[in-house]
Amino acid sequence: MSRLPLQGLLVLEFSQYLSGPSAGLRLADLGARVIKVERPQSGDAGRRLSIKDLWTDDSSLLFHTINRNKESYAADLKNPGDLALVKKLIEKADVLTHNFRPGIMEKIGLGYPEVKKLNDRIIYGAISGYGKEGPWKNRPGQDLLLQSMSGLAYTTGNAKDNPMPFGLAIADNLCGSQLVQGILSALIRRHKTGTGALVEVSLLESLLDFQFELLTTYHSGKKLPKRSKVNNGHPLLNAPYGIYATTDGYLAIAMVDLKQLAKAIDCNELMAYDQKLAFSLRDEIKSVLAKHLATQPSACWLEKLHAADLWAMEVLDWDQLTKHEAYTTLQMEQTITTSKGAEITTTRCPIRINGERLFAAKPAPQLGEHTEKINKELIGK
């Protein structure tokens, strides 16, 4: 695309690991110039956080997936000379992001009040684990810990299972997305009024917002949501909502009228249940359905369910998914070549602008790779 929506925007990213860098990645894919300000020698701690023990060009594969399309500026913020140069960058920046614990940036002298004096138009985006106040404010803001403390671990799995976390960093990704929303809204206001803003989000608040259905229901009746004993899909939803085994795999069934379902799959035993009992007898109904679906392959059931226009889909692993025409049609993959020649296949930005997909071949930077260039271009040093 000749001109991306955020082209010309300068973002300074003091963030590390996942939540802050995921926000920077989205801003970069939308056209912003994102400069990671990293510690000399060690850099963003995410460089050493490996997934499946996979490494590329001396940094973790994870770092490369979430920091592509950025530049790296090495600076020791405890060094007065380096800090002075960073402050000159701040004077020219549109956005600054960080995800340090409360008080860290203030201790360095880069809290919002100090930064605002340098640049009163700046949008200052801060991510914390639990907010700036309260007894948890200095606890480590790590995704698994947040899932555990927010109640989210009691939504997945069946009633008899132990608390079960999501199989991905859901808090980090949600929080990064919400920071982007806040930054974009503040930029729109700045365009109208000329004033900057402090945008604050936390991992805990992001997960609480994510559970708005569950928490609203809890506040309404003061009763904890209960997972199904069998085939749980959502603790608040009726049977048949869930995933069921077939003779050759699994299929998912969403919100479906029981009578229509029973007719579509020729299940006489299921026909005996009235829709009014779909929640109170949820486990009993699901057990009947599970027994019936286990007698035929997935394709057989899906043909019947789709013919009746009922909501059901096969359950795919990544190998099956990436070979499917529905996946390849989306063109969600892109290949990145690192500065040392290694090739990485990763996902593209999921947003389309005026019908165009957003691809960005620029790889994640080597630590301090752009320091000299940025000094000359933006600081005149």
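A quick note: this is a predicted structure, and the numbers were derived from the prediction, not measured.

J.: Please provide a residue-by-residue account of the packing of helix H3 (residues 80-92) against helix H16 (residues 371-379), values included.
T.: Running from N to C, H3 and H16 cross one another at 55°; their axes reach a closest spacing of 10 Å. Comparing the axis directions of H3 and H16 gives the class oblique. In this structure, the crossing between H3 and H16 has a hand that is left-handed. Note on element contacts: H16 touches H3 through Ile374, Asn375, Leu378 and Ile379, opposite Leu85, Lys88, Leu89 and Lys92.

J.: I'd like a rundown of the sheet that holds strand S8 (residues 197-202), residues and numbers included.
T.: Taken together, the 6 strands give an open sheet; going across it, the order is S5-S2-S1-S6-S7-S8, and neighbouring strands pair in parallel fashion. Only two strands of the sheet have a single neighbouring strand rather than two, namely strand S5 (71-74) and S8. Ignoring strand direction, the axes of neighbouring strands in this sheet form an average angle of 20°. Note that strand S1 (residues 10-13) and strand S6 (residues 95-98) share 3 bridges and pair parallel. Across the sheet, residue valine 11 finds its bridge partner in S6, namely valine 95.

J.: Give a description of H3 that names residues and reports values.
T.: Taking 1.5 Å per residue, 13 residues should reach 18 Å; H3 reaches 19 Å between its end C-alpha atoms and fits that length. Here H3 has its buried residues at Leu83, Leu85, Val86, Leu89 and Ile90. Taken end-on, H3 shows its buried residues confined to a sector of 160°, consistent with a single buried face. The N-terminus of H3 is capped by asparagine 79, whose side-chain oxygen sits 2.8 Å from the backbone nitrogen of glycine 81.

J.: Can you break down the packing of aromatic side chains residue by residue, with the values?
T.: For the structure shown, the criterion picks out 3 aromatic pairs. Between tyrosine 130 and tryptophan 136, the aromatic rings sit 5.9 Å apart at their centres with planes inclined by 70°, giving edge-to-face as the arrangement. Look at phenylalanine 166 and phenylalanine 210: their rings are 6.1 Å apart centre to centre, the planes differ by 65°, and that puts the pair in the edge-to-face class. With a gap of 44 residues between them, phenylalanine 166 in the loop between helix H6 (143-149) and helix H7 (170-193) and phenylalanine 210 in helix H8 (residues 203-210) connect regions that are remote in the sequence. According to the relative accessible area criterion, phenylalanine 166 is partly exposed, its value standing at 27%. Just above the ring of phenylalanine 359 sits the side chain of arginine 348; from NZ or CZ to the centre is 5.8 Å.

J.: I'd like a rundown of a positive patch on the surface, residues and numbers included.
T.: Positive charge collects at one region of the surface, where Arg39, Arg48, Lys78 and Lys107 lie side by side. With respect to the secondary-structure elements, arginine 39 resides in the loop between strand S2 (33-38) and strand S3 (55-56). Note on arginine 39: relative accessible area 41%, which makes it partly exposed.

J.: If you had to explain unusual backbone geometry to someone new, which residues and values would you point to?
T.: Residue proline 240 is bonded to the preceding alanine 239 through a cis peptide linkage, with omega at 15°. By the element assignment, proline 240 lies in the loop between helix H9 (212-221) and strand S9 (242-245). One non-glycine residue with positive phi stands out, namely aspartate 266, at about 55°. With respect to the secondary-structure elements, aspartate 266 resides in the loop between helix H10 (258-264) and helix H11 (268-271).

J.: Let's hear about a nonpolar patch on the surface: which residues, and what values?
T.: Nonpolar side chains collect at one region of the surface, where Trp136, Leu145 and Met149 lie side by side and expose about 240 Å² of accessible area between them. Here tryptophan 136 lies in the loop between strand S7 (123-128) and H6.

Conventions and cut-offs
- Residues numbered from 1 in each chain as written.
- Predicted model: local features only at pLDDT ≥ 70, side-chain atom pairs only at ≥ 80, totals over all residues.
- Heavy atoms only, no water.
- Axes fitted to C-alpha atoms, helices over the stretch in contact; angles between N-to-C directions.
- Helix = DSSP H or I, 4+ residues; strand = E, 2+ residues; numbered from the N terminus.
- Parallel < 35°, antiparallel > 145°, perpendicular 65-115°, else oblique.
- Left-handed = near helix turned anticlockwise from the far one by under 90°.
- Contact = heavy atoms within 4.5 Å.
- Pairing = 2+ DSSP bridges.
- Expected span 1.5 Å × (residues − 1).
- Buried < 20%, exposed > 50% of the residue type's maximum accessible area, 1.4 Å probe, protein only.
- Arc of directions from axis to C-beta.
- Polar contact = N/O pair within 3.5 Å; in protein donor to acceptor, adjacent residues only side chain to side chain.
- Phe/Tyr/Trp six-rings, centres within 6.5 Å; stacked < 30°, edge-to-face > 60°.
- Lys NZ or Arg CZ within 6 Å of the ring centre and 35° of its normal.
- Patch = residues over 30% accessible without salt bridge, like charges linked within 9 Å, V, L, I, M, F, W, Y side chains within 5 Å.
- Areas by Shrake-Rupley, 256 points an atom, 1.4 Å probe, with all protein chains shown as cover.
- Salt bridge = Lys/Arg side-chain N within 4 Å of Asp/Glu carboxyl O.
- Lys, Arg positive; Asp, Glu negative; His and termini not counted.
- Charge placed at Lys NZ, Arg CZ, Asp CG, Glu CD.

Function-wise, these values are silent; they only describe arrangement.
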